[in-house]
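Fold and geometry: a report
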Amino acid sequence: MERPTPPSQVTGARSILIVEDYKELRSLIAEILREAGYRVFEAANGAEGLSLLQKEAEKLNLVVTDLAMPGMDGHVFAEEIHQARPDIGIVFMSADPQPVLERAGDWGDGIGLLRKPFTEEELIACVQNVLKGA
Amino acid sequence: MKGPDRDKTPKPGELVRQLIEAQDERYEAIARLLHDDFGQQLAAIGILLSTLKRHLPPGDSESLEQFERTRQKIVALGESMRELSNKLHSSILEHTGIAVALRAYCAELSARPGIRILFESDGEFDTVPLRIGRGLYRIAQESLTGVARGSVRISFADRQLEMAIESETALSISPLGLAILRQRANSIGAALRMESSRLTVSVPLKTPRPGAQTTE
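Residues numbered from 1 in each chain as written. Chains lettered and ligands numbered in written order. Predicted model: local features only at pLDDT ≥ 70, side-chain atom pairs only at ≥ 80, totals over all residues.

You can see H75 of chain A is positioned in helix α4 (residues 74-84). In sequence terms H75 of chain A and A47 of chain A are 28 residues apart; their C-alpha atoms lie 13 Å from each other. (Helix = DSSP H or I, 4+ residues; strand = E, 2+ residues; numbered from the N terminus.)

Right, dumping it as structure tokens:
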């Protein structure tokens, strides 16, 4: 069984910001996306994520974020991202998709949803789909 | 017991209110543990397992089948944890408000075999305080236990928020359960009326908003 084709070979290296407070999960996701050919930035919470978004605004193509995080809720974080960069895609990771589905319209197009627990194939497929649409 | 000490003893109604609040806090803590700790660990296990798939020998259908069965078990465990977490503490309520949370809850109940709970709303509920939404949601959860066919209606008009729960048969609420429901209603300033197959909760609120939406 092989990993999906590295996107860097077909689309060029794209940059992704991962925002996830659970370090082990964040590292796993980052590793998979790096191996898949993406440039990856990591943040442990919404505030760190927004700070990185401001610093690397030109480079970032996509944000992959947890929905429930301490400090800044994923919905609030998404609204901040949408205001700062309305063109950027957002992938929400959540064990409970209903709150995302109810409010997805608030953030326009370019929204993806990864229901936890997900596989590396689902992660890469979702990232690729949102990047195509964003 | 005399004077001051006697004054410190909570009245029965107050004691029930405190017990309900303590119980809700405990439920919320367990729900957060399920979501923030167990759920995250399960998500990590799910990804780690999926990376193993690449190392399976090509053509090893037996290992692939075992992998898929294990993956499905992890997904099912995640779903059970989500259901339990939402039963204890609704994240939808926190993020989207009482009407959407009740609609989602009715849909979740209706997804079970033999159960059909209709939902209807009339009004806009953006201004309903979370504390009141939580109280109404708990009353709905507790009174819908055992209902196979029924409905939940919520309306907000003329500064009055009203929730009506109906069952095609009598609601199966014990005297103790009803006392707890009344106390929950009291704690959010609501009046609760109970008939055999219908329960109504009315809360006076300050800011009404016109509008309407109806869903099942």
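There is more to say after this.
Moving on to the sheet that holds strand β2 (residues 39-43) of chain A. Residue and element names in this part refer to chain A. The 5 strands lie next to each other as β2-β1-β3-β4-β5, forming an open sheet whose pairing is parallel. On the outer flanks of this sheet lie β2 and β5 (111-115), each paired with one strand and no other. The mean inter-strand angle of the sheet, taken between neighbouring strand axes irrespective of direction, is 20 degrees. Relative to β5, strand β4 (residues 89-94) runs parallel, the two sharing 5 bridges. Looking at β5, one finds that V91 is bridged to G112. Sheet strands touched by helix α3 (residues 46-55): β1 (15-19), β2 and β3 (60-66). Its angle to β1, the strand with the most contacts, is close to 160 degrees. (Pairing = 2+ DSSP bridges. Axes fitted to C-alpha atoms, helices over the stretch in contact; angles between N-to-C directions. Contact = placed C-beta atoms within 7 Å.)

Moving on, we get to the sheet that holds strand β2 (residues 149-157) of chain B. Residue and element names in this part refer to chain B. One open sheet accounts for 5 strands, arranged β1-β2-β3-β5-β4; its pairing is mixed. The open sheet has two free edges, formed respectively by β1 (116-122) and β4 (191-194), since each of these has just one partner strand. Each neighbouring strand pair of the sheet contributes to a mean axis angle of 10 degrees, computed without reference to strand direction. Where strand β3 (residues 160-167) lies against strand β5 (residues 198-204), 7 bridges are found, and the strand directions are antiparallel. In the strand pairing of β5, E166 is matched with R198. Across the sheet, helix α7 (residues 175-187) touches β4 and β5, and the angle it forms with β4 is around 150 degrees.

Let us look at the confidence of the model for chain B. All names here are of chain B. Looking at chain B as a whole, the pLDDT averages 87, with 92% of positions reaching at least 70. When the criterion is pLDDT under 50, residues 208-216 qualifies, and its contacts beyond four places in sequence or with other chains add up to 18 contacts. With a pTM of 0.73, the predicted complex shows an ipTM of 0.78. (pLDDT = per-residue confidence, 0-100.)

Let's shift gears to the nonpolar core. I16, L17, I29, L62, V64, V91 and V127 of chain A are the most contacted members of the largest nonpolar core, which has 37 residues in total. Among the elements of the structure, β1, α2 (23-35), β3, α4, β4, β5 and α6 (120-133) of chain A together with α2 (12-52) of chain B are those that each provide at least two residues to this core. For this core, the leading source of residues is α2 of chain A, giving 5 residues. The contact partners of V127 of chain A, leaving out residues within four places of it in the chain, are I16, L33, L62, V64 and V91 of chain A. (Core = buried A, V, L, I, M, F, W, Y, C linked by C-beta atoms within 7 Å. Buried ≥ 20, exposed ≤ 12 C-beta atoms within 10 Å, placed from the backbone.)

Across the contact, 21 residues belong to chain A and 28 residues belong to chain B. Elements with a contribution of two residues or more to the side of chain A that touches chain B: α2, α5 (98-103) and α6 of chain A. Sort the elements by how many residues they give to the side of chain A that touches chain B and α5 of chain A lands first, with 4 residues. A breakdown of the residues in the side of chain A that touches chain B according to their chemical character gives 9 nonpolar, 3 polar and 9 charged. (Nonpolar A, V, L, I, M, F, W, Y, C, P; charged D, E, K, R; others polar.)

On to the packing of helix α6 (residues 130-143) of chain B against α7 of chain B. For any two helices packed against each other, the geometry is given by the interaxial angle and the distance between the axes. Residues and elements named next belong to chain B. Relative orientation of the contacting elements α6 and α7 amounts to 165 degrees, with a least axis distance of 9 Å. The orientation of α6 with respect to α7, classified from their angle, is roughly antiparallel. Of the two elements, α6 crosses α7, and the hand of that crossing is left-handed. Facing G135, R138, I139, E142 and S143 of α6, the residues of α7 in contact are G177, L181, R184, A185 and S187. For the contact of α6 with α7, a count of residues per class yields 3 nonpolar, 4 polar and 3 charged. (Parallel < 35°, antiparallel > 145°, perpendicular 65-115°, else oblique. Left-handed = near helix turned anticlockwise from the far one by under 90°.)

The next subject is the pairing of β4 of chain B. Residue and element names in this part refer to chain B. Where β4 lies against β5, 4 bridges are found, and the strand directions are antiparallel. Counted as the bridge partner of M194 is L199 from β5. A loop of 3 residues connects β4 with β5, the two strands running antiparallel in sequence.

With that settled, consider the packing of helix α5 (residues 98-110) of chain B against α6 of chain B. Residues and elements named next belong to chain B. Axis separation between α5 and α6 bottoms out at 10 Å; the angle between their running directions is 20 degrees. Classified by the angle between their axes, α5 and α6 sit roughly parallel to one another. As for how α5 packs across α6, the hand of that crossing is right-handed. For the pair formed by α5 and α6, the contact residues are I98, A101, L102 and Y105 on the first element and G133, L136, Y137 and A140 on the second. Class assignment for the residues of the contact of α5 with α6 results in 7 nonpolar, 1 polar and no charged.

By the secondary structure assignment, G78 of chain B is in helix α3 (residues 61-88). Placed 36 residues apart in sequence, G78 of chain B and L42 of chain B show a C-alpha to C-alpha distance of 7.1 Å. Contacts of G78 of chain B, omitting those with residues within four sequence positions, involve A95, K116 and P117 of chain A together with G39 and L42 of chain B.

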